[in-house]
Amino acid sequence: MTLPQDIPGGSGGRQEREKRMEQKHVEKIKGYYDRNGEFKRNEKYSGKDQAVYTKEGDKYRWLVMEPKGASGMEVTRTDTHGKITARDTYESVRNVVYCTGIERLCKDGRGMVQFTADEAALINRLGGNDRKDTAENFERAVHGTADGYEKKMISRAAHKLSELSEESCMELIATTKNRKLSERDFSVRHRLAEIRQRRKEKEATKGKDRGRKVEKSEMEL
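Each value, and the rule that gives it
- Residues numbered from 1 in each chain as written.
- Predicted model: local features only at pLDDT ≥ 70, side-chain atom pairs only at ≥ 80, totals over all residues.
- Heavy atoms only, no water.
- 1 Å grid on protein atoms, 1.4 Å probe; cavity = no way out; pocket = protein on both sides within 12 Å on 5 of 7 lines; lining within 4 Å.
- Points joined across faces, edges and corners; volume = space filled by probe spheres on them.
- Helix = DSSP H or I, 4+ residues; strand = E, 2+ residues; numbered from the N terminus.
- Nonpolar A, V, L, I, M, F, W, Y, C, P; charged D, E, K, R; others polar.
- Buried < 20%, exposed > 50% of the residue type's maximum accessible area, 1.4 Å probe, protein only.
- Arc of directions from axis to C-beta.
- Pairing = 2+ DSSP bridges.
- Contact = heavy atoms within 4.5 Å.
- Axes fitted to C-alpha atoms, helices over the stretch in contact; angles between N-to-C directions.
- Expected span 1.5 Å × (residues − 1).
- Polar contact = N/O pair within 3.5 Å; in protein donor to acceptor, adjacent residues only side chain to side chain.
- Parallel < 35°, antiparallel > 145°, perpendicular 65-115°, else oblique.
- Phe/Tyr/Trp six-rings, centres within 6.5 Å; stacked < 30°, edge-to-face > 60°.
- Lys NZ or Arg CZ within 6 Å of the ring centre and 35° of its normal.

Let's talk about the layout of surface pockets
Taken as a whole, the largest pocket encloses approximately 350 Å³ of empty space. Taken together, 17 residues line the largest pocket, and the ones lying closest to its centre are Arg61, Asp79, Thr85, Glu167 and Ser168. In terms of residue count, the dominant contributor to the lining of the largest pocket is helix α6 (residues 166–220) (3 residues). Considering only residue class, the lining of the largest pocket consists of 4 nonpolar, 5 polar and 8 charged.

Right under this line is the structure:
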């Protein structure tokens, strides 16, 4: 990952990115981090290997999307000092985008905290409006389960969140909830599309059956 101060200028990243991952998937991933569309592509810092998005009047807090292979994407965010505070990875398979890795910077700045898919699910379910609210939700969940494995998993996720700064913690919660909401919406739309397709096929089959019956009746006459 190239840091902000090291990226050369250029504007060829958009075409290169579209060749590697479908643009609709790129936009979907970007929406996880930028639900209100505040980040705009910055052509000055974008290049053929990555796209850099910045907010108006803020040239340090970057959202960077870097293609990885034929269908992968690495997304990073930086703070006001240009230091990476978040790193997530994605893989697109047909029409589905999967999050394959989640990392956030420790509040002491000495390393990254990795979160599993199960921990992300807990964050989506228990994440609150602030750190205190979130901590209370996790504590209630720990006391509310008798399953030893689940209790351990919840406690581990809560501990990892405590290693993040307030800002990073809330960013992770917001991003996770946006991603899960998008996945849920896609799942609903996908199921509805399948239902409509089955209805069309059923109606088409009925139409063919009616046609054969009419043809048979005419032959008998």
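A few points about helix α2 (residues 23–33)
Looking only at α2, the buried set comprises His25, Val26, Ile29, Lys30, Tyr32 and Tyr33. Across the axial projection of α2, the buried residues extend over an arc of 145°, all falling on one side.

Comments concerning the sheet that holds strand β2 (residues 51–55)
Within the open sheet, the 7 strands sit side by side as β1-β2-β3-β4-β5-β6-β7. Their pairing is antiparallel. Every other strand in the sheet has two partners, leaving β1 (40–41) and β7 (112–115) as the edge strands with one partner each. Strands β2, β3 (58–68), β4 (72–78), β5 (84–93) and β6 (96–105) of the sheet are contacted by α2, whose axis makes an angle of about 35° with β6.

Points about the side chain of serine 92
Looking at the secondary structure, you find serine 92 in strand β5. The residues contacting serine 92, other than those within four sequence positions of it, are Met21, His25, Ser71 and Val97.

Notes on helix α5 (residues 148–162)
Compared with the 21 Å implied by 1.5 Å per residue over 15 residues, the 21 Å span of α5 between its first and last C-alpha is a close match. For α5, the set of buried residues is Met153, Ile154, Ala157, Lys160 and Leu161. Seen along its axis, α5 keeps its buried residues to an arc of 125°; they face one direction. For α5, the exposed residues lying more than 90 degrees away from the buried face are Gly148 and Lys152. The backbone nitrogen of tyrosine 149 lies 3.1 Å from a side-chain oxygen of the residue at the head of α5, namely aspartate 147.

Comments concerning the packing of helix α3 (residues 117–126) against α5
It is at 10 Å that the axes of α3 and α5 come closest, and there the two elements cross at 75°. Taken together, the axis directions place α3 and α5 in an arrangement best described as roughly perpendicular. Across the interface between the two elements, Asp118, Glu119, Leu122, Ile123 and Arg125 of α3 pack against Glu150, Met153, Ile154, Arg156, Ala157, Lys160 and Leu161 of α5. Taken together, the residues of the contact of α3 with α5 break down into 6 nonpolar, no polar and 6 charged.

Remarks on the packing of aromatic side chains
Here the structure, examined in full by the defined rule, presents 3 aromatic pairs. Between tyrosine 33 and tyrosine 90, the ring centres sit 6.5 Å apart and the planes meet at 90°, which makes this aromatic pair edge-to-face. One end of the pair, tyrosine 33, is in helix α2; the other, tyrosine 90, is in strand β5, and 57 residues separate them in sequence. Across this residue pair, the class does not change: tyrosine 33 and tyrosine 90 are buried. Between tyrosine 45 and tryptophan 62, the aromatic rings sit 4.8 Å apart at their centres with planes inclined by 45°, giving tilted as the arrangement. Linking tyrosine 45 in the loop between β1 and β2 with tryptophan 62 in strand β3, this pair joins segments that are 17 residues apart in sequence. Taken together, the aromatic side chains of Tyr32, Tyr33 and Tyr90 make up a single cluster linked through ring pairs. Lying over the aromatic face of tyrosine 53, lysine 30 brings its terminal NZ or CZ to 5.1 Å of the ring centre.

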